[in-house]
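# Remarks on the overall topology
The chain contents come next:
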Amino acid sequence: MKQFYLFASCLLSLSLSAAPLRFAVLSDTHVDAPEIVYDTIQAVDSVTLRDTVILVPHELPGEALLAMAICTEDLRSQQVDFILHAGDLTDRGDSLALVNVRRLLDSTELPYYVTSGNHDTKRSPSALMDLKAVFDSVRFSLNKDEAFIMGLNSAPIMRSSDGHFAPQDTMWLRQWLDSLGTQPTIVVTHYPLLREAVDNWYDLTDILRQYNTQVVISGHHHDYMHLTTDGIENVTCRSSLVDSLGRTGYTLVEISSDSILFSERAIAVSIDTTVLPIVVSAGEAQTIRRFGLPLMQRVFPEPDTTLLPSYAVNDSDTLVIRAWERKLPYGIYATPVEMYGRIYVGDDGGTFYAIDQSNGRILWRYKTTGRIVGSAAVKDGRVVFASANGIAYCVSVENGKLLWRQKLGKPITGSITIDGSNVYFGSSDSCFYALKLMSGAPVWSYQSWGNFCIAKPLVYKNKIFVGACDGNFYAFDKRKGSILWVWHNEQTDSRQAPALVSPCGDDKRVYIAAPDGYLTALNTDTGTVSQRTNRWAVRESIGMKDSILYAKTTQDTIIAINLNADTLLWAMDAGYGLDCAPTQLIVDGGTLFVTTKNGLVIALDALTGEPKWQHKIGNSLLTTPCTLSDTSVVVASSDGTIALLRKVLPPPVDTLTLDSLMLDSLGNPIDTLMLPIDSSVEPLETTAAE
C-alpha cells in the first residue's frame, strides 16, 4: 500500500510570484511524563549545625520528549507559518506530559493547533479534560487563502477500540464545510481513512466527497503512506520518535496555487542513555522524501457501496427485531441501566437521560459540564452517576430533579456501584470513595491509590474489589475503607493495568482479565493467586453466572469455564474477528449476551455455547449490554445509537380454524389437513335437499 513518488509537474509549476503557504506537521510525539530523580546534597542544618543529607528532586526527560525538542528547535529556522499536531501528543494522556508538549510548542514562537490521538484518549486520566484545559480544544479550523484546514478527533474515548469519528465531530465538520462552498479544504485527523483502522470511516468520506476536499492528513502509522479511500486522498506523516536509522523528524507541507507538496525533514540524533541525565545531540538535518498532489477542483464519483460493512448477518434471523432505536447527538461509552421500566444512560456530551423502556421516548435529561464515560446505578428511586467535571450526581428517577451533588475536584471516570445505603466509585484524584446514597455525604475515602479507574467496582459481602491504572487490584473493607490486600500484575506499563475490567467473584475467588492477556483468579481473603493463565488471550471482557465464568477472547472465540471443576465447559467461534474492546458478558435466563467493537450483538446458549442469534446494530463500539430478559436486550453505541433488540417467537406452524375441521361418525373433529388426497377421484355431485 505504501507508495512514495513525486509529481514532477507539481514542482515545476510552483508559483514564483507569491510565497506558498508553508506549515509543519508533527505527529506521534508520544511524550511521557518526566521521571523524577533525586540528587543527594550534603548540607548543614541551620538549627542543629549538623551535617545532613538533602534529596533534591528534578525531572529526567525521556527520549520522546528530547526527540520532540530537537524537532521544535529545528522548526524555528524553517520559516513555516504555523504548526499542526496530528495526535498522540503524549504516550498516556496525563497532564504533566501534555504540559511538556505545550512548553515545546510554545518555544517555537509559532502558532500551533493540535488534535488528539488514541494514546491521548484511550487511557486519559481526565477523560480529555486536561487536554482541553492545556490546549483549549482538540479541534481547529484555519481559513487561509490557499485552503481551509480543519482538525478533529478520531480516537475512541477511554476504551480500546478502532478509530472513530464521533457524531459531534462529524456534525461540526459538516457545518464548517457548508459555509465554504468550493474553497479547497484539508482535514487533519490522527487515524488515516483505512477501513481496518476507523470503524465509521464512511461517515467522513460521505461528507468530504460533497465538497472540494484535497487531502486528509493523518498520523498513527509513524511513517509516510499515501492511500485513497473511496476516492479521498490520504497522506500519513512520520513520527518524531527516533526511527531505526537514528533519525527524528517531522513533515513540511507547502501549498501553492496548483499543488500540495509534502516533504520529510529528517534529523540525525545521538542519544546516550548510559548516563544521567540522558545526553542527546542533533546532527545533520535534510529532506529525504517528497510527495506531491495537484491542487484542483475535485469532483468525486458516487461512493463504492461494496466497501461498506456488511449487514448480511441480520438477514439470517428475521425474528430479531429492533423494537425501537434512538440516535443521540453524542457517542455513548457508558453501559445503559434498567430500572422502573426506564433506561438510564449518560453520553459523551455530558447529558444524562431517562428513556422509556417500552418505546425509546426520552422522559427527561440532566445536563452536566463534562463527558460521562462511566455507568450509573439505580436504587430507591434515585439514580447516581458521575461526570468528568469531577462531580457525582444523584437525581430522582421520576423527573431528573437534582437530589444532591458531591464535587470532588478531578474528573470521575469510574462506574458507580450502590450497595446497601452507600455509593462506591473511583476518581482521578487518586481516591476511592464511599458516599451516602441519601445525602451524598462522605462515608470514607481511600487516598493514594492508583491514579484512576474506569470499571464498575464489585461489592461482595463485606469486601469491595476494583482495579486501577497503577497495575494494582484492590480489596477494600466495605465498612471502613481500609485496604485488605493489594495484588499487582507485574506490569510497569499502566496501559496493562486491570482498570477497565469489571471483576467477577464468589466466596472463594475474584476474577479479572487485564490487557496483559491473562485471566487471573485471586483468593478473596488473601489476594494470593489461585490461578493465572494466558491460554485464551482474554482481555478485559468477562462475565459470571452461578459457577460459570464467561470470557470474550481477542480473536473470534467466546469461552465458558466451569469454576467448580476448573475446566473449559465450551468454546464457540463467533466470528467477530479481532476485538480488544472492554465489555462485560451478561447472562439473563439461559442466554449469554456479548457485544463487540463493530456493532455486533451475539446471543448464545449459556450452558452449551450454541448460537441463538446475532444482530448487527451498526459498525461502532457497543458498550456492555443491558438485558431485560433472555430475549430482550438494550445496547448502546459510540455512534450515539441506543436500541432495544427483541427476539420474537415464531408463529405456529399450522393455525387451524373451525372451517378447516370436519366431524367423524362420533362427532369428533377431524383435521382435514391430515386426510389423504386422491387426485384421480372426481368430486361427488351434490344436490339440494328436498
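Going by the structure above, here's the rest.
In what follows, the accompanying structure is described. (Residues numbered from 1 in each chain as written. Predicted model: local features only at pLDDT ≥ 70, side-chain atom pairs only at ≥ 80, totals over all residues. Heavy atoms only, no water.)

## A look at the nonpolar core
Counting residues in each nonpolar core, the largest one holds 27 residues, and the members touching the most others are L26, L105, F135 and Y250. Of all the elements in the fold, those that place two or more residues in this core are β1 (21–26), α2 (63–75), α3 (95–107), β5 (112–114), α5 (129–135), β12 (247–255) and β13 (259–272). Residues in contact with F135, not counting those within four places in the same chain, are L89, L98, V101, R102, L105, Y112 and V114. Within the second largest apolar cluster, 26 residues are counted, among which are F148, W172, W201 and F300. (Core = buried A, V, L, I, M, F, W, Y, C linked by side-chain atoms within 4.5 Å. Buried < 20%, exposed > 50% of the residue type's maximum accessible area, 1.4 Å probe, protein only. Helix = DSSP H or I, 4+ residues; strand = E, 2+ residues; numbered from the N terminus. Contact = heavy atoms within 4.5 Å.)

## Observations concerning the packing of aromatic side chains
Enumeration according to the criterion identifies 24 aromatic pairs in this entry. Ring centres 6.3 Å apart and planes at 35 degrees place the aromatic pair F352 and W364 in the tilted group. Of this pair, F352 sits in strand β18 (residues 351–356) while W364 sits in strand β19 (residues 362–367), and the two are twelve residues apart along the sequence. For the pair F352 and W364, one class covers both residues: buried. (Phe/Tyr/Trp six-rings, centres within 6.5 Å; stacked < 30°, edge-to-face > 60°.)

## Description of the sheet that holds strand β29 (residues 463–467)
Taken in spatial order, the four strands make up an open sheet running β28-β29-β30-β31, and their pairing is antiparallel. Only two strands of the sheet have a single partner each, and these edge strands are β28 (458–460) and β31 (483–488). Averaged over all pairs of adjacent strands, the angle between strand axes in this sheet comes to 15 degrees, irrespective of strand direction. The sheet contact formed by strand β30 (residues 472–477) and β31 spans five bridges and is antiparallel. Considered in β31, the bridge of A475 is made with W485. (Pairing = 2+ DSSP bridges. Axes fitted to C-alpha atoms, helices over the stretch in contact; angles between N-to-C directions.)

## Some remarks on the side chain of T623
Its place among the elements puts T623 in the loop between β43 (611–616) and β44 (626–627). Not counting residues within four places of it along the chain, the set of residues in contact with T623 comprises I332, Y333, A334, T335, P336, T583, T595 and A636.

## As for the environment of T229
Looking at where T229 falls in the secondary structure, it is placed in strand β10 (residues 225–229). Setting aside anything within four residues of it in sequence, one finds T229 in contact with L193, L194, W201 and T205. Within the structure, T229 has its side chain in polar contact with the backbone oxygen of L193 (distance 2.3 Å). (Polar contact = N/O pair within 3.5 Å; in protein donor to acceptor, adjacent residues only side chain to side chain.)

## Considerations on the environment of L621
Along the chain, L621 falls in the loop between β43 and β44. As for L621 and Y333, which are separated by 288 residues in sequence, their C-alpha atoms are 8.3 Å apart. The residues contacting L621, other than those within four sequence positions of it, are R159, S161, D199, Y333, A581, T596, K597, A636, S637 and S638.

## Regarding the pairing of strand β42 (residues 600–605)
Among the six residues that make up β42, five are buried, leaving the element largely enclosed by the rest of the structure. One ladder, built from five bridges, connects strand β41 (residues 591–595) with β42; its direction is antiparallel. Within β42, the residue paired with T591 across the bridge is D605. Hairpin connection between β41 and β42: a loop of four residues separates the two successive antiparallel strands, and G599 in this loop has a positive phi of roughly 80 degrees.

## Some details on α3
Compared with an ideal rise of 1.5 Å per residue, which puts 13 residues at 18 Å, α3 spans 18 Å between its outermost C-alpha atoms and is within 8% of the ideal. For α3, the set of buried residues is A97, L98, N100, V101, L104 and L105. An end-on view of α3 places all buried positions within 160 degrees of arc, on one side of the element. Turned more than 90 degrees off the buried face of α3, the exposed positions are L96 and R103. For α3, the secondary structure elements touched by its buried residues are β1, α2, β4 (82–85), β5 and α5. Positioned one or two residues after α3, E109 has a phi angle of 60 degrees, which is positive. (Expected span 1.5 Å × (residues − 1). Arc of directions from axis to C-beta.)

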